[in-house]
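# Structural overview
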Amino acid sequence: MSFEGMWAELLPVGRDAGTGGYHRFAWTPPELECRAWFAGEARRRAMPVEHDRNGNMIAWWLPEDGTREGAVLTGSHLDSVPGGGAFDGPLGIVSAFAAVDLLRERGATPRRPIGIAAFAEEEGARFGVACLGSRLLAGAIDPARARSLTDADGRTFAEVLHGAGLDPEAIGPDDDLLGRVACYVELHVEQGRALAEPVGVASSIVPHGRWRFGFAGEGNHAGTTALADRRDPMVPFAGMVLAARDAAERNGTVATVGKVRVVPGGVNAIASSVTAWLDARGPADGAVRKTVEEVGAAAREAARPHGVAVELAEESYTEIVDFNLALRDRVVRTLGGAPVLPTGAGHDAGVLSARVPTAMLFVRNPTGVSHAPAEHAETADCLVGVEALAAVLDDLARG
């Protein structure tokens, strides 16, 4: 099936008819439908699918001798952020299948296996930790902590895995699988306007992380409780949001509060607690850490006169990732001198870079918008991306 045909099949899955945004959270019906689509595309190409113990899927194109060593891995993820765009994640997987088709049409016979991976819970939209599948695979998160992660309905990651037929006690680093992988190349839509050409190559991923703020006050009646008697956690929470913007400007970073949970959430009730998540990113580890430290201090200062307690916990953090220079340069040469650019977005390639050489290709995004319905890539540029990925895979799989 063509790139356009595969894209058309995936496009309606998990899409909100009103907003055009996508809701494909890990192991929910839309994401499971995407997984079934992945398995179907693999069967169509006679590519055996390997399900690892962390919920990741890999479809294999094996060489004639059947070897599984020295593999060239590509792919991305199928899950989305709340109300996300169509391209973030699935573009890399659809392009990978299309690249395999292109190589087969040209009679290519790889000496190394080529794998197409669909990594689990990359966005962290359900369980709060980004790149959870690749983090578990690479040993970048403690399995016990991962099992205890909960979604908005209070279901643990362990419960969801068990319901999906996986053993929660078996999750964790998979040295046997990673030991068979020589390198990983991920194609992704560019998530800004920095790319002027149809395809570019990533140089690095800036430091980024997520922190959870908990504000504990006292629930009460909105009409009968005097202002002086209130322990309203919404007030210091509001101060924390403003402090995040100020701290980011001072430290040359970006900071975002995009998710908040209010209990009990009634219009005529003073909240008893507020939980908010801070996303902070920047060019250097020190700048990101300083931003979070200043936001935490400002939140505690704002909470003190209101009798509100503040807790701050780090949920995930990734230091600066400089992609493997030799692999990056080889990819650039293969593509005839493609532009090289950094990114402020996290990816499975960044997590896996601690264990195997990784590289990334970007496809131009004319809107510059990502994690929203306006995220876009022109079909012509996507096809250039398929050609580029095919050339890279062909080169790397030859040895």
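Residues numbered from 1 in each chain as written. Predicted model: local features only at pLDDT ≥ 70, side-chain atom pairs only at ≥ 80, totals over all residues. Heavy atoms only, no water.

In the annotation of an unreviewed UniProt entry, the entry for the chain reads Allantoate amidohydrolase, and the organism field reads Actinomadura nitritigenes.

### Describing the packing of helix α8 (residues 234–251) against helix α9 (residues 285–303)
Where α8 contacts α9, the axes come no closer than 8 Å and their chain directions differ by 150°. One finds that α8 runs roughly antiparallel with respect to α9. When the axes of α8 and α9 are compared, the crossing they make is right-handed. For the pair α8 and α9, the contacting residues are Pro236, Met240, Ala243, Ala244, Ala247, Ala248, Arg250 and Asn251 in the first and Ala287, Lys290, Thr291, Glu294, Val295, Ala298, Ala299, Ala302 and Ala303 in the second. For the contact of α8 with α9, the residue count by class is 12 nonpolar, 2 polar and 3 charged. (Axes fitted to C-alpha atoms, helices over the stretch in contact; angles between N-to-C directions. Helix = DSSP H or I, 4+ residues; strand = E, 2+ residues; numbered from the N terminus. Parallel < 35°, antiparallel > 145°, perpendicular 65-115°, else oblique. Left-handed = near helix turned anticlockwise from the far one by under 90°. Contact = heavy atoms within 4.5 Å. Nonpolar A, V, L, I, M, F, W, Y, C, P; charged D, E, K, R; others polar.)

### Describing the layout of surface pockets
The space that makes up the second largest pocket amounts to roughly 160 Å³. Looking at the second largest pocket, the residues that line it are Met1, Ser2, Phe3, Glu4, Ala98, Asp101, Leu102, Glu105, Leu383, Val386 and Glu387. With 4 residues, helix α3 (residues 90–105) is the single largest residue contributor to the lining of the second largest pocket. (1 Å grid on protein atoms, 1.4 Å probe; cavity = no way out; pocket = protein on both sides within 12 Å on 5 of 7 lines; lining within 4 Å. Points joined across faces, edges and corners; volume = space filled by probe spheres on them.)

### Some words on the sheet that holds strand β9 (residues 254–263)
Across the sheet, which stays open at both edges, the 4 strands sit in the order β9-β11-β7-β12 with antiparallel pairing between neighbours. The sheet is open, and its two edges are formed by β9 and β12 (309–318), each paired on a single side. Here the strands of the sheet are splayed against their neighbours by 15° on average, with no regard to which way each runs. Direction of pairing for strand β7 (residues 208–216) relative to strand β11 (residues 273–281): antiparallel, over a ladder of 9 bridges. Residue Gly209 lies in a different strand from β11, and its bridge partner there is Ala280. Its contacts with the sheet place α8 against β7, β9 and β11, and it is angled at close to 170° to β9. Sheet strands touched by α9: β7, β9, β11 and β12. Its angle to β12, the strand with the most contacts, is close to 165°. (Pairing = 2+ DSSP bridges.)

### Let's talk about the state of the cysteines
Applying the stated rule across the entire model yields 0 disulfides. Here Cys34 is not cross-linked by a disulfide; its sulfur's nearest cysteine counterpart is in Cys382, at 16 Å. Take Cys382: its relative accessible area is 2%, and that puts it in the buried class. (Disulfide = S-S within 2.5 Å. Buried < 20%, exposed > 50% of the residue type's maximum accessible area, 1.4 Å probe, protein only.)

### Describing the pairing of β7
Note that β7 and β12 share 9 bridges and pair antiparallel. From the neighbouring strand, Gly214 faces β12, where its bridge partner is Glu311.

### Side note on a nonpolar patch on the surface
There is a patch of nonpolar side chains on the surface, built from Met234, Val260 and Val262 and spanning about 200 Å² of accessible area. With respect to the helices, strands and loops of the structure, Val262 is situated in strand β9. (Patch = residues over 30% accessible without salt bridge, like charges linked within 9 Å, V, L, I, M, F, W, Y side chains within 5 Å. Areas by Shrake-Rupley, 256 points an atom, 1.4 Å probe, with all protein chains shown as cover. Salt bridge = Lys/Arg side-chain N within 4 Å of Asp/Glu carboxyl O.)

### What about the domain arrangement of the chain?
When the domains of the chain are assigned, the result is domain 1 (3–206 + 320–398) and domain 2 (208–318). The C-alpha centroid of domain 2 is placed 33 Å from the C-alpha centroid of domain 1. If you look at the interface, domain 1 gives 15 residues, while domain 2 gives 12 residues. When domain 1 packs against domain 2, close to 1,000 Å² is buried across both sides, 37% of that on carbon and sulfur atoms. (Domains from an automatic or database assignment. Buried area = accessible area lost by both parts, 1.4 Å probe.)

### Some thoughts on helix α10 (residues 325–334)
Taken together, the buried positions of α10 are occupied by Leu327, Arg328, Val331 and Val332. Each buried residue of α10 lies within a common arc of 135° when the element is viewed along its axis, so the set occupies one face. Exposed residues on α10 whose side chains face more than 90 degrees from its buried face are Leu325, Ala326 and Arg333. On the buried face of α10, the contacting elements are β5 (181–189), β6 (199–205), β14 (340–343), β15 (358–363) and α12 (379–397). Immediately downstream of α10, the backbone of Gly336 shows phi near 75°, a positive value. (Arc of directions from axis to C-beta.)

### Looking at the nonpolar core
Counting 56 residues, the largest nonpolar core has Phe38, Leu91, Phe97 and Leu361 as its most contacted members. Looking at this core element by element, the count peaks at 10 residues for α3. (Core = buried A, V, L, I, M, F, W, Y, C linked by side-chain atoms within 4.5 Å.)

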